[in-house]
Amino acid sequence: MTHALDPEDQKIITLARSARARNGSAEGAAVRDETGRTYAATGVALPSLQLTALQVAVAMAVSGGASSLEAAAIVGDADDPDEKDLAVVEDMGNGTLFLAAPDGTVKGRYI
């Protein structure tokens, strides 16, 4: 991106990077709900449960009472967001989804 991000958007990218690094995961995600609360997560890969990092972060937000998202961020090596991740953001009211590289460089902005 050629312009600076809003500090609150940069914060969720930083939270996603931190979750990814802390857990040694391939992907980290963070979301900001309609009240400004943030949630960060990594994916779940169990034999009986497979969730992307963003799906986990959204589930945490919904479990905490969120009814919509202002923004979401995914940090990892992917060049495009997974269709499941786009769908979950749409389910939560079409907030902005940022896709960022592991170093925090924004690769794309969606929805």
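Quick caveat, the model's predicted, so the values are computed rather than measured. (Residues numbered from 1 in each chain as written. Predicted model: local features only at pLDDT ≥ 70, side-chain atom pairs only at ≥ 80, totals over all residues. Heavy atoms only, no water.)

> Explanation requested: the side chain of Thr52 in the structure shown.
Relative to the helices and strands, Thr52 is located in the loop between β4 (49-51) and α2 (53-63). The class of Thr52 is buried, set by a relative accessible area of 13%. In contact with Thr52, not counting residues within four places along its chain, are Glu27, Gly43, Lys84 and Asp85. (Helix = DSSP H or I, 4+ residues; strand = E, 2+ residues; numbered from the N terminus. Buried < 20%, exposed > 50% of the residue type's maximum accessible area, 1.4 Å probe, protein only. Contact = heavy atoms within 4.5 Å.)

> Help me understand the environment of Glu27, please; the structure alone is not making it clear to me.
Turning to its location among the elements, Glu27 is positioned in the loop between α1 (7-23) and β1 (28-33). It is 8.1 Å that separates the C-alpha atoms of Glu27 and Ala16, two residues lying 11 residues apart in sequence. Setting aside residues no more than four positions away along its own chain, Glu27 makes contact with Arg20, Thr42, Gly43, Thr52, Ala53, Ile74, Val75 and Asp85. Within the local environment of Glu27, its side chain forms a polar contact with the backbone nitrogen of Ala53, the two atoms lying 3.4 Å apart. (Polar contact = N/O pair within 3.5 Å; in protein donor to acceptor, adjacent residues only side chain to side chain.)

> Would you mind going over α1 with me for this structure?
Since there are 3.6 residues in each turn of an α-helix, residues three or four apart along the chain are aligned in direction. With 17 residues, α1 extends 24 Å between its outermost C-alpha atoms, agreeing within 8% with the 24 Å of an ideal straight helix rising 1.5 Å per residue. Looking only at α1, the buried set comprises Asp9, Ile12, Ile13, Ala16, Ala19 and Arg20. Taken around the axis of α1, the buried residues stretch over an arc of 120 degrees, which confines them to a single face. Facing away from the buried surface of α1 by more than 90 degrees, the exposed residues are Pro7, Ala21 and Arg22. As for α1, its buried residues are in contact with β1, β2 (38-42), β5 (69-75), β6 (96-100) and β7 (106-110). Its side-chain oxygen 2.7 Å from the backbone nitrogen of Glu8, Asp6 forms the N-cap of α1. Following α1 by one or two positions, Gly24 has its phi on the positive side, about 65 degrees. (Expected span 1.5 Å × (residues − 1). Arc of directions from axis to C-beta.)

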